[in-house]
Amino acid sequence: MKKSRKTIISVLVAGMFAITLAACGGTPANSATSEPAASTSQPATTTGSEPATNNPAPAAAAAVTGKTLQLAGYSILVPDGWVSNEYFEGQQAKLFKTDSMENATDAPQIDVEYKANGEYVLATVTLESHENIAPLTIGKYTWEGVQGTYKYQPAKLTMLHTKVGDGYIAVTVWTTKNGGTISLEDPDVKAILESITVQ
């Protein structure tokens, strides 16, 4: 019964995480000094059945500068030219590729969630259509997930997740929104994913 309740709670949290778009209010991360994204050469363990692939341009990603956002149990780089907000007492963060939160609604964004304990549930119910992607290695982790079209707005996204200890990290990259596009191959996007550090 307890396991069933935990599963239901996980589904609800995952659904809220995927459905929540740009929120108003809050201030961008500004408490840290500018620094280059940490580069890592440590291999990650592939958890899927297909071979992991590496994103290109590691040198370009390492050259990205920004501020480190400290969250609940983890940190992440907010590159120059991006703004951020945090939610659920620092468990979740949303990064927007824009210079002002006033323009965040239509800006491409990256949503990140870390939970020290719990099982991730992929909320494909929020997608109009989707397809699985091969596991890919970015930074310290090997990610699995899907890419698809959002059901409630004209947007495309890639939903990634990886297991960390007894918990997980989940990342949603909104690759296409009204305000522009981003890609997993972009140096700043790669730098954000590489910078995720569980403390």
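Asker: Give me the lowdown on the layout of surface pockets, citing residues and values where you can.
Answerer: Regions of empty space are outlined by a rolling probe, equal in size to a water molecule, passed over the atoms. Taken as a whole, the second largest pocket encloses approximately 170 Å³ of empty space. Tyr120, His161, Thr162, Lys163 and Tyr168 are the residues nearest the centre of the second largest pocket, which is lined by ten residues in total. Tallying contributions element by element places strand β10 (residues 156-164) first for the lining of the second largest pocket, with three residues. Here the lining of the second largest pocket is composed, by residue class, of two nonpolar, five polar and three charged.

Asker: Can you lay out the pairing of β10 for me, pointing to particular residues and giving the numbers?
Answerer: In terms of strand pairing, strand β9 (residues 141-150) meets β10 through six bridges, oriented antiparallel. The partner of glycine 148 across the bridge, within β10, is leucine 157. Between the end of β9 and the start of β10, which pair antiparallel, lie five residues. Bridge analysis of β10 against strand β11 (residues 167-177) gives eight bridges, and the strand direction is antiparallel. Note that in β11 the partner of methionine 159 across the bridge is threonine 172. Adjacent in sequence and paired antiparallel, β10 and β11 are bridged by two residues, among which glycine 165 carries a positive phi angle near 60 degrees.

Asker: Lay out the pattern of salt bridges with the relevant residues and their values.
Answerer: Under the definition given, this model contains three salt bridges. Across the pair aspartate 188 and lysine 97 runs a salt bridge whose closest N-O atoms are separated by 3.0 Å. Of this pair, aspartate 188 sits in helix α3 (residues 187-195) while lysine 97 is found in the loop between β6 (92-96) and β7 (109-115), placing the two residues 91 residues apart along the sequence. Using a relative accessible area of 34% as the deciding quantity, one classes lysine 97 as partly exposed. Notably, a salt bridge pairs glutamate 194 with lysine 190, separated by 3.2 Å at the nearest N-O pair. Here glutamate 194 and its partner lysine 190 are both found in helix α3, four residues apart, which amounts to about one turn of the helix. Classification of glutamate 194 as buried rests on a relative accessible area of 6%.

Asker: Tell me about the environment of glutamine 147, residues and numbers included.
Answerer: Secondary-structure assignment places glutamine 147 in strand β9. Here glutamine 147 falls in the partly exposed class, since its relative accessible area comes to 33%. C-alpha separation for the pair glutamine 147 and threonine 158, spaced eleven residues apart in sequence, amounts to 4.2 Å. Not counting residues up to four positions away in its chain, the partners in contact with glutamine 147 are Ser129, His130, Glu131, Ile133, Leu157 and Thr158.

Asker: Quick rundown of the nonpolar core? Include the residues and the values.
Answerer: Formed by 27 residues in total, the largest nonpolar core has its most connected members in Ile110, Trp143, Ile169, Val171 and Ile196. Counting only elements with at least two residues in this core, the list comes to β4 (74-79), β6, β7, β8 (127-138), β9, β10, β11 and α3. Isoleucine 196 has contacts with Tyr74, Ser75, Ile76, Val112, Lys140, Tyr141, Trp143, Ile169 and Val171, leaving out every residue within four places of it along the chain. Core analysis: the second largest hydrophobic core is formed by eleven residues, Val146, Ala155, Leu157 and Tyr168 among them.

Asker: So what about the side chain of glutamine 109? Which residues, and what values?
Answerer: You can see glutamine 109 is positioned in strand β7. By relative accessible area, glutamine 109 is classed as buried at 0%. Looking at glutamine 109, its side chain comes within polar contact range of the side chain of lysine 177, at 2.6 Å.

Conventions adopted
Residues numbered from 1 in each chain as written. Predicted model: local features only at pLDDT ≥ 70, side-chain atom pairs only at ≥ 80, totals over all residues. Heavy atoms only, no water. 1 Å grid on protein atoms, 1.4 Å probe; cavity = no way out; pocket = protein on both sides within 12 Å on 5 of 7 lines; lining within 4 Å. Points joined across faces, edges and corners; volume = space filled by probe spheres on them. Helix = DSSP H or I, 4+ residues; strand = E, 2+ residues; numbered from the N terminus. Nonpolar A, V, L, I, M, F, W, Y, C, P; charged D, E, K, R; others polar. Pairing = 2+ DSSP bridges. Salt bridge = Lys/Arg side-chain N within 4 Å of Asp/Glu carboxyl O. Buried < 20%, exposed > 50% of the residue type's maximum accessible area, 1.4 Å probe, protein only. Contact = heavy atoms within 4.5 Å. Core = buried A, V, L, I, M, F, W, Y, C linked by side-chain atoms within 4.5 Å. Polar contact = N/O pair within 3.5 Å; in protein donor to acceptor, adjacent residues only side chain to side chain.

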